[in-house]
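Secondary and tertiary structure notes
Okay, here's what each chain looks like letter by letter:
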Amino acid sequence: MSGNQDLTTLLRARTPLLVIESAEEGRVIESFRHAIAQSLRPLFTWSITDGLRRIDMDDDGEHAVPDATMTLTSIKQRTEAGVFLLLDFQPYLRYPMTLRLLREIVLRQAAAEHTLVLVGSKIELPDDLTALATPFQMALPDAQAMAALVREEAFAYSRENSGRRVEVDADAARTIVRNLAGLTHADARRIVRKLIYADGALGPADIPGLAQAKFELLDRENLLHFEYETARFADVAGLARLKRWIQQREPAFVGRKQTVRLDPPKGILLLGVQGCGKSLAAKAVAGGFGVPLLRLDIGTLYNKYHGETERNLRAALKNAEMLSPCVLWLDEIEKALATEGSDDGVSRRVLGYLLTWMAERKGKVFLVATANDVSALPAELLRKGRFDEIFFVDLPGPEARAEVLRIHLTKRELNAADFDLDMIVAASDGFSGAEIEQLVVAALYAAAAEDRPLDTWHLLDEAKLTRPLSVMMADRVSALREWARERTVPAD
Ligand SMILES: Nc1ncnc2c1ncn2[C@@H]1O[C@H](COP(=O)(O)OP(=O)(O)OP(=O)(O)O)[C@@H](O)[C@H]1O
């Protein structure tokens, strides 16, 4: 359960034991102060430092000593039913006497209908108590509360800086408020303060920093990778159709106002020959949408957390939703989802969960799955409607090869016009983008060894020495192309 309304209901119902996992103790206490007004019961807090204190009215100064057992005994003896917030009580849950007293109070073996509330960042109950406890989740702040929090922080900055006003870009501020969703008050406040105090302004330049800070807060278990480097489409040679597809969908994905209502795009599968730019394209999709890129390596989830794959997948996808709008990249999806083999049905359950999530996800999470080996991909994943489109990323044709050369020469501060690109393009037939890049890298070493500037001949010599994958694994590549012809759309 969550929300202040629900809390009032739980107190009215005289729920005997509530468990609240939250690091925001102050907010929990405040919520109870509000909720208690209608329940007509006295409200107490207990902590090891202050003992038991009444907080809904002036304290009577009659504090029980901080000892946990004595406190519970005194609660048990009270005839007037009260609500008791036990702060950081976890360490005492290992003592038999404490547990017995808790159970007696909760089971109303005492006369009064008390409500005990365990509050702490992490609370693990013994089985006996779990059955008697009601977990309660504090409501996260809504957009209105986030906007108020941003205003408060801007005001605080101004007060501390001799009245200097924070420069606020209205559009960026709206995006910031939207992107704070999913954070607690304390975390959101920390981030906003950092953004404001960095330069006394809130503007578009703060949005990537916000995504990164939010990622660091949410993905504490390192289930996802935040890809700091997203590519620009200009860094990717070829793939014209894929680029056009993304550009057409960008307004609908980011939610820009349009005359016609378009369904937001959900995701694509990039299948293709190794080294032809699938990973690069995934990065460029995030760059094209102007949102962060998160990579989920399902294969690592299996190895890293043996026996907890499904729980972690669920947590990773939830984190991605909290970080939306974003692109979620599932790399080498076939390795994780191959349902043949003996892993006790884990991959089948993982696939099932992923398919359900794809169909029902709420946040703006655009999925980019990449795969090399179609034979290992489960048929369910390829069924119509799962992805918006399945693109095939083939070996680059002559024009795309020239572009790959231009991109990688320019990256190394060389002028592509100084080279005979036509000759190199002809000599690199069947090369992948990665192999062409390697050509440039190796030729540069050869030129450096001769102490001469790089020229066309260095590149041609290296091309002669290269045996591309498409030759070494000709059968596999042609089988993949054959398969793709009928079932996919060419990315170029
Ligand atoms: N179309 C391209 N344009 C520019 N560079 C490219 C292109 N294709 C590949 N490259 C270069 O090759 C590198 C490796 O390519 P990338 O990892 O994107 O291929 P991939 O298809 O994902 O390969 P794999 O299936 O092995 O993961 C890229 O980082 C980039 O430098």
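Here the chain is described in UniProt, under the heading Sequence similarities (unreviewed entry), as follows: "Belongs to the AAA ATPase family. Highly divergent."

What about unusual backbone geometry?
Of all residues except glycine, most have a negative phi; of all peptide bonds, most are trans. Residue Pro325 is bonded to the preceding Ser324 through a cis peptide linkage, with omega at 5°. The phi dihedral of Asp451 falls on the positive side, at around 60°, and the residue is not glycine. Inspection of the secondary structure puts Asp451 in the loop between helix H19 (433-449) and helix H20 (456-465).

Describing the confidence of the model for the chain
On average, the chain scores 88 in pLDDT, and the residues at 70 or more come to 94%. Model confidence for the chain, summarised as mean pLDDT per element, is weakest for helix H12 (residues 298-304) at 71 and strongest for H19 at 97.

Describing the sheet that holds strand E14 (residues 389-393)
Read across the sheet, seven strands follow the order E9-E11-E12-E13-E10-E14-E15 without closing on themselves; strand pairing throughout is mixed. Only two strands of the sheet have a single partner each, and these edge strands are strand E9 (225-227) and strand E15 (489-490). The sheet contact formed by strand E10 (residues 267-272) and strand E13 (residues 365-371) spans five bridges and is parallel. Within the sheet, the bridge partner assigned to Leu271 lies in E13 and is Ala371. Packed on one face of the sheet, helix H13 (residues 309-322) meets strand E11 (293-296), strand E12 (326-330) and E13 and runs near 175° to E11.

Quick look at the domain arrangement of the chain
Put simply, an interface is often sized by how much accessible area is lost when its parts join up. Annotation of the chain at the domain level lists domain 1 (4-135), domain 2 (143-218), domain 3 (233-390) and domain 4 (398-472). Centre-to-centre, using C-alpha coordinates, domain 2 lies 30 Å away from domain 3. Of the residues lining the interface, seven residues belong to domain 2; the matching set on domain 3 comes to seven residues. Counting each side, the surface lost to burial between domain 2 and domain 3 is near 570 Å², with a carbon and sulfur contribution of 68%. When the buried surface of domain 2 facing domain 3 is broken down by residue, Ala211, Phe215 and Leu218 rank first, second and third, together holding 59% of it. Viewed at the interface, domain 3 and domain 2 are joined by zero salt bridges. Inspection of the region where domain 2 meets domain 3 yields two residue pairs in polar contact (both at pLDDT 80 or more). The element contributing the most residues to the side of domain 2 that touches domain 3 is helix H9 (residues 206-218), with four residues.

Focus on the packing of helix H8 (residues 185-199) against H9
As a packed pair, H8 and H9 sit with axes 10 Å apart at the nearest point and diverge in direction by 145°. Between H8 and H9 the crossing geometry is right-handed. Contact with H8, carried on its side by Asp187, Ile191 and Leu195, involves Asp206, Leu210, Ala213, Lys214 and Leu217 of H9 and no other residues of that element. Along the lines of polarity and charge, the residues of the contact of H8 with H9 split into five nonpolar, no polar and three charged.

Section: helix H7 (residues 170-179)
Within H7, burial applies to Ala172, Ala173, Thr175, Ile176, Val177 and Asn179. Packing partners of the buried residues in H7 comprise helix H6 (143-160), strand E7 (167-168), strand E8 (201-202) and H9. Two to three positions downstream of the cap, the backbone nitrogen of Asp171 sits 3.1 Å from a side-chain oxygen, assigning the N-cap of H7 to Asp169.

Here we look at the sheet that holds strand E5 (residues 115-120)
Pairing is mixed across the open sheet formed by six strands, whose spatial order is E3-E2-E4-E5-E1-E6. Each edge of the open sheet carries a strand with a single partner, namely strand E3 (51-54) and strand E6 (134-135). Pairing of strand E2 (residues 43-47) with strand E4 (residues 83-87), which is carried by four bridges, proceeds in the parallel orientation. Residue Phe44 lies in a different strand from E4, and its bridge partner there is Phe84. Across the face of the sheet, helix H2 (residues 25-36) comes into contact with strand E1 (17-21), E2, E4 and E5 while running at roughly 180° to E4.

Let's talk about the nonpolar core
Nonpolar side chains tend toward joint burial in soluble globular proteins. Counting 92 residues, the largest nonpolar core has Leu180, Leu296, Leu328, Ile333 and Phe366 as its most contacted members. Among the elements that take part in this core, helix H15 (residues 346-360) stands out by supplying seven residues, more than any other. Excluding residues that lie within four positions of it along the chain, Leu296 makes contacts with Leu223, Leu224, Leu301, Leu313, Ala316, Leu317, Leu328, Trp329, Leu330 and Asp331. In terms of nonpolar packing, the next biggest core, distinct from the first, is built from 23 residues, Leu17, Leu86, Leu102 and Ile105 among them.

Let's talk about the site of the ligand
Around the ligand, a shell composed of 16 residues is seen, among which Ala237, Lys278, Ser279, Asn372 and Glu437 lie nearest. In this structure, Cys276 approaches the ligand through a main-chain N or O atom, which is 3.2 Å from an oxygen atom. Within the side chain of Asn372, one N or O atom sits 2.8 Å away from an oxygen atom of the ligand. Considered on its own, the ligand offers 620 Å² of accessible surface; in the complex 80% of this is hidden by protein. Secondary-structure elements contributing two or more residues to the shell around the ligand are helix H11 (278-289) and H19. For the shell around the ligand, a count of residues per class yields six nonpolar, seven polar and three charged. Lining the shell around the ligand are residues from two domains, each supplying at least three of them: domain 3 (233-390) and domain 4 (398-472).

Procedures and definitions
- Per chain, the residues get numbers from 1 upward, laid out in the order the sequence is written.
- Given that this is a predicted model, residues contribute local features only at a pLDDT of at least 70 and side-chain atom pairs are listed and counted only at 80 or more, while totals for whole chains, interfaces and linings are drawn from all residues.
- Where side-chain values are given, they derive from all heavy atoms of the structure, hydrogens and water being excluded.
- UniProt positions are given in the numbering used here, feature names are shortened, and annotations may be inferred rather than shown by experiment.
- A run of H or I in DSSP becomes a helix once it reaches four residues, and a run of E becomes a strand once it reaches two; helices and strands are each numbered from the N terminus.
- Each residue gets a pLDDT score, which is the predictor's confidence in that residue and runs from 0 to 100.
- DSSP bridges decide pairing: two strands pair if at least two such bridges lie between them.
- Note on definitions: a residue-residue contact is assigned when non-hydrogen atoms from the two residues lie within 4.5 Å.
- Note on definitions: angles span 0 to 180 degrees between N-to-C directions of axes, and those axes are lines fitted to C-alpha atoms, for helices only across the stretch in contact.
- Domain start and stop positions are those given by an automatic or database domain assignment.
- We define buried area as the total accessible area lost by two parts upon association, computed with a 1.4 Å probe and summed across both.
- The term salt bridge refers to a side-chain nitrogen of Lys or Arg lying within 4 Å of a carboxyl oxygen of Asp or Glu.
- In protein, a polar contact requires one atom able to donate a hydrogen and another able to accept it; more generally it is a pair of N or O atoms within 3.5 Å, and residues adjacent in sequence count only if both atoms are side-chain atoms.
- Take the far helix as your reference; a near helix turned counterclockwise from it by less than a right angle gives a left-handed crossing, and one turned clockwise gives a right-handed crossing.
- Throughout, the ten residues Ala, Val, Leu, Ile, Met, Phe, Trp, Tyr, Cys and Pro are labelled nonpolar, Asp, Glu, Lys and Arg are labelled charged, and all others, Gly among them, are labelled polar.
- Relative accessibility under 20% of the residue-type maximum defines a buried residue, over 50% an exposed one, and the middle range a partly exposed one, all with a 1.4 Å probe and only protein chains included.
- Side-chain atoms within 4.5 Å are what join buried Ala, Val, Leu, Ile, Met, Phe, Trp, Tyr and Cys residues into a set we call a nonpolar core.
- It suffices for a single heavy atom of a residue to lie within 4 Å of a molecule or strand for the residue to be listed as near it.
- To be clear on the numbers: accessible area is Shrake-Rupley with a 1.4 Å probe, and residue cover counts the displayed protein chains and nothing else.

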